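Understanding the architecture of this molecule
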Amino acid sequence: MTVEANLKILVAVTGGIAAYKSAELVRLFVKAGADVQVLMTEGAQAFVTPLTFQALTGKAVRSSLLDPAAELGMGHIELARWADHIVIAPATADSLARLSQGMANDLLTTVILAYQGPVTIAPAMNQAMWSNVITQDNIKRLSAFHPHWSWVGPDAGEQACGDVGPGRMSSPEAIAHQVLGAATDKTLTGKRVVISAGPTRERLDPVRYISNFSSGKMGYALAQAAQQAGADVVLVSGPVALQVPKGVRLVSVESAQDMHDAVMKAAVGSDLFIATAAVADYRPETTAAQKMKKSDKTLSRTIDLVENPDIVASVARLTTGRPFVVGFAAETHDAVAYGQDKRVKKQLDMVVINDVSVPGLGFGSDDNQVTLVSAEIQESYGPAAKIRIAQWLIEKIADHL
Ligand code: CTP
C-alpha cells in the first residue's frame, strides 16, 4: 500500500512495553511513502530510545514541550498544524486518562488539543487496567467528544506481564492498514459535498426552544470521511458539542429555516448532498419577543406549530444544479420498507436506514448499524464505530455518483 508522498503522519509513542512494536509501525509508514515525525513521551523513552525512531524517519524525535531548540524549528502548534493524521501507538491507560481530561502539560496532550484532524488510537495495557471502569469511562468521554477518531484494538491474548485477556496492542500491520486505508481511497477528489448535521432549535421565546437529542456524530463522521476521500466539504450544522474535522468548512445554524437556507445556498451546483440532520418537522407559529413568565399553578396555554420546510426534499426537487441526494431514515420497525418509502416520496437517490430500536446503537451513540438502499441496491454494514460506518458509506455512495 502506498500513499501520496505528502501524507504527513505524526506517530505518538507513549510509555508501554508495546512501544518496541511502534518501530515496525513507523517503518511501514515510511515504506508506504508517508512523511513521518515521531513524538515520544518521557515514559516511552524508558522502553525504546529516540535514536531508533530517528534512524527510521531521518528526523529528530520530538519529546519535550519546553525544548527551546525544537520549538524554534517547529513549535508545538505548528506540529499540530503540520500533521494530516496522528497515530497514538501504544496509547497507555495514563495517556488516555490525560487526553480525556484535556490536559496540556506535555507535548502529546498539547499537540492533540491544538489538532483538529483524524486520530487513530491503538491502546495497549494490562487486561485489568483495560477493563477498569475508569479507563472505559475515559474512552467513552474521548469518543463522545471525538466521534471521528478511530480506534484499533486492543487485541486479546497473552500479555507481557503474564496475564491473558484484552490489552495487547494491535499488530503494526493492522494499525498501518487502518490509517493508510483511510488516506488512500481518494474517491471524491474534485467533488463538492454538502452535509447537514445535528439537531435544530425552534425558539418559543428568548430562553426556550423545541429540539431533539441528535448528537451530530454521524454527520461529523461523514464530513471527515468525505474530506479524507478528497472532497471539498461544507458541513451545515445545528448546535452540537463536537470538534469540526480538519479541512471541513462549517456553517453553523440554529433553526430548520436557517438550515434550509444555508443548505440550499451550498447545495445548488454541488455534487453530493447528504442529509443526516434531525430537523424539527414543526416550529412554533409565533416566537414570543419576551420571556414567557410563570403566572399560575397550571399552564393551559396552547402552542400552535407550523410545518418546517423539508430540506432534503427541497434539494431533491431542484431542477438545475441538483446534486446526488442521500437521506437518512431513523426507523423503529419495518425499517427497510419505511426507508424505501421515504426514498420514493422525497425523490432521493439513496437512503441510509438506521434501525433505532437496537439498544446501544444510533441516536447519541458512538456506534451504528446501517442499511443503504437505492432503487437498485440494498446493502448493510455494522454494528461498527460511526467513523467506520461513514467511511463505508462514502465508498458506496462514491461508487454511484
Ligand atoms: N429531513 C430534512 N428536513 C426536514 C425533515 C427531515 O431534510 N424538515 C431529512 C433528514 O435529514 C433525513 C430525512 O429527511 O435525511 C428523513 O427524516 P425523518 O425525520 O426520518 O423523516 P420524516 O419525513 O420526518 O418522516 P417520519 O418522521 O414520519 O419518519
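Residues numbered from 1 in each chain as written. Predicted model: local features only at pLDDT ≥ 70, side-chain atom pairs only at ≥ 80, totals over all residues. Heavy atoms only, no water.

Brief notes about the packing of aromatic side chains
Scanning the entire structure with this criterion turns up 1 aromatic pair. Geometrically, the ring pair formed by Tyr381 and Trp392 is stacked, given 5.0 Å between the ring centres and 10° between the ring planes. Of this pair, Tyr381 sits in strand β19 (residues 378-385) while Trp392 sits in helix α14 (residues 386-400); the two residues are 11 residues apart in sequence, bridging distant segments of the chain. The class for Trp392 is buried, based on a relative accessible area of 11%. (Phe/Tyr/Trp six-rings, centres within 6.5 Å; stacked < 30°, edge-to-face > 60°. Helix = DSSP H or I, 4+ residues; strand = E, 2+ residues; numbered from the N terminus. Buried < 20%, exposed > 50% of the residue type's maximum accessible area, 1.4 Å probe, protein only.)

Some points on the domain arrangement of the protein chain
We note that the domain assignment places domain 1 (8-184) and domain 2 (192-400) within the protein chain. At the junction of the two partners, domain 1 supplies 20 residues and domain 2 supplies 14 residues. A buried area of about 1,400 Å², summed over both sides, lies between domain 1 and domain 2, and 49% of it is on carbon and sulfur atoms. Applying the counting criterion to the domain 1 and domain 2 interface returns 0 salt bridges. For the pair domain 1 and domain 2, the interface holds 3 residue pairs in polar contact (both at pLDDT 80 or more). Element by element, the count of residues in the side of domain 1 that touches domain 2 is highest for helix α8 (residues 133-145), at 4 residues. For the side of domain 1 that touches domain 2, the residue count by class is 9 nonpolar, 8 polar and 3 charged. (Domains from an automatic or database assignment. Contact = heavy atoms within 4.5 Å. Buried area = accessible area lost by both parts, 1.4 Å probe. Salt bridge = Lys/Arg side-chain N within 4 Å of Asp/Glu carboxyl O. Polar contact = N/O pair within 3.5 Å; in protein donor to acceptor, adjacent residues only side chain to side chain. Nonpolar A, V, L, I, M, F, W, Y, C, P; charged D, E, K, R; others polar.)

A word on the sheet that holds strand β11 (residues 232-237)
Strand order in the open sheet formed by 8 strands is β12-β11-β8-β13-β16-β17-β18-β19, with mixed pairing between adjacent strands. Lying at the two open borders of the sheet, with one neighbouring strand each, are β12 (249-252) and β19. Taken over all neighbouring pairs, the strand axes of this sheet differ in orientation by 20° on average, direction set aside. Taken together, the 6 bridges between strand β8 (residues 192-197) and β11 define a ladder with parallel strand orientation. Within β11, the residue paired with Val193 across the bridge is Val233. Packing of helix α11 (residues 256-267) onto the sheet brings it into contact with β8, β11, β12 and β13 (272-275), and relative to β8 it is tilted by some 170°. Lying over the sheet, helix α13 (residues 335-345) contacts β16 (324-331), β17 (350-355), β18 (367-373) and β19, oriented at roughly 145° with respect to β16. (Pairing = 2+ DSSP bridges. Axes fitted to C-alpha atoms, helices over the stretch in contact; angles between N-to-C directions.)

What to know about empty space enclosed by the protein
The gaps left among the atoms become clear once a water-sized probe is rolled over them. As enumerated under the stated definition, the model contains 2 cavities of 30 Å³ or more in all. One number sums up the size of the second largest cavity: a volume of about 40 Å³. Lining of the second largest cavity is provided by Ile112, Tyr115, Gln116, Gly117, Val119, His146, His148, Trp149 and Gln243. Split into classes, the residues belonging to the lining of the second largest cavity amount to 4 nonpolar, 5 polar and no charged. (1 Å grid on protein atoms, 1.4 Å probe; cavity = no way out; pocket = protein on both sides within 12 Å on 5 of 7 lines; lining within 4 Å. Points joined across faces, edges and corners; volume = space filled by probe spheres on them.)

Let's talk about the side chain of Thr371
Locating Thr371 in the fold gives a position in strand β18. Exposure remark for Thr371: the relative accessible area of 13% places this residue in the buried category. A polar contact is formed between the side chain of Thr371 and the side chain of Ser380, at a distance of 2.9 Å. Discounting chain neighbours no more than four positions away, the residues touching Thr371 are Val336, Val351, Val352, Ile353, Gln378, Glu379 and Ser380.

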